[in-house]
Amino acid sequence: WVSYMEKGILIIPSQKSGFEYLTNNPYSNLNISDQSIGSLLVDKENVLWVGTNGSGLYRLTFNGDRYVSKDKFLPEENVITCLYQDSEDNIYIGTYLHGFYLYNPQNGTLKNFNKSNDHTSVNCNHVTGFAEDKEGNIWISTNGGGVNKMERKNKNFTYNRQSTQNRNDGLLSDWCNTIFVDSDNILWVGTYVGFCCMDLNTYKKKSYTKDDKLIMN
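Residues numbered from 1 in each chain as written. Predicted model: local features only at pLDDT ≥ 70, side-chain atom pairs only at ≥ 80, totals over all residues. Heavy atoms only, no water.

Digging into the overall build of the protein chain
Here's step 1: Along the backbone of the protein chain there are 0 helices and 19 strands.
Here's step 2: Of all 217 residues assigned to the protein chain, the portion counted as buried reaches 47%.
Here's step 3: Partitioning the contacts of the protein chain with sequence separation of at least 6, the portion at a separation of at least 24 is 37%. (Helix = DSSP H or I, 4+ residues; strand = E, 2+ residues; numbered from the N terminus. Buried < 20%, exposed > 50% of the residue type's maximum accessible area, 1.4 Å probe, protein only. Contact = heavy atoms within 4.5 Å.)

In structure tokens:
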């Protein structure tokens, strides 16, 4: 599955040659009303989640390469920026203006975490990515609020922001566009001025920019 900003979704079948496109076609059962696709996720039940840039969120169910059903999961006012499934099968849905949604497929509950500064939610509504550490905590990158950490047990939030003193004491920027936790439990955060890494076992931090001979920030 390959998403396009203006061309819908490119489907590369696993059992046959050639390509198929999933586009805005009102005559097709697979029609999605927005060809600008911002994010895709295939969950553990083989459901394809399709996040659009203005038409909400869709779920498509397949049996192998054969389409089975489609439903609209979130309404049009949501611009979907990122999708993620954690080790407990919960689905995280990042948006441009509404923070993020947490969907529990076990009981069907959907909760919105909107901007707040009281450590019960994210501190920025533009969410760009999710990552899970070895303790099951969720790290959330944002455009404007740095990196938020959501504790697995109590769902409390801590905020990691840009450091104005020493670049290795915090983030290079509060504008973060990607996030990842590797197999060594090291957190990697990409920003518009370079990238940062933090060892989650020791909390030692290090940042890199073009001054460290990166090709670009």
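Description of the pairing of strand β13 (residues 138–142)
Here's step 1: In terms of burial, β13 is a largely internal element, 5 of the 5 residues being buried.
Here's step 2: Side chains I138, I140 and T142 of β13 all project onto a buried face; the interleaved residues W139 and S141 project onto the opposite face, where all are buried too.
Here's step 3: Counting the residues between successive antiparallel strands, the hairpin from strand β12 (residues 127–132) to β13 contains 5 residues, one of them, G136, with a positive phi of roughly 85 degrees.
Here's step 4: As paired strands, β13 and strand β14 (residues 147–150) are joined by 4 bridges and run antiparallel to one another. Bridging from a neighbouring strand, I138 pairs with M150 of β14.
Here's step 5: In this structure, the hairpin formed by β13 and β14 is closed by a connection of 4 residues, where G144 is found at a positive phi of approximately 125 degrees. (Pairing = 2+ DSSP bridges.)

A short note on a nonpolar patch on the surface
Here's step 1: Taken together, W175, Y192 and V193 make up a surface patch of nonpolar side chains, about 320 Å² in accessible area.
Here's step 2: Mapped onto the fold, V193 is located in the loop between β17 (186–191) and β18 (194–199).
Here's step 3: What makes V193 partly exposed here is its relative accessible area of 35%. (Patch = residues over 30% accessible without salt bridge, like charges linked within 9 Å, V, L, I, M, F, W, Y side chains within 5 Å. Areas by Shrake-Rupley, 256 points an atom, 1.4 Å probe, with all protein chains shown as cover. Salt bridge = Lys/Arg side-chain N within 4 Å of Asp/Glu carboxyl O.)

A look at the sheet that holds strand β9 (residues 91–95)
Here's step 1: In space, the 4 strands of this open sheet follow the order β8-β9-β10-β11, with antiparallel pairing throughout. With partners counted over all chains shown, the strands left at the sheet margins are β8 (80–85) and β11 (109–113), one partner each. Each neighbouring strand pair of the sheet contributes to a mean axis angle of 15 degrees, computed without reference to strand direction.
Here's step 2: The pairing of β8 with β9 spans 5 bridges and is antiparallel. Each residue of the ladder has a partner; that of L83, found in β9, is I93. (Axes fitted to C-alpha atoms, helices over the stretch in contact; angles between N-to-C directions.)

Worth remembering: the numbers are spatial, not functional.
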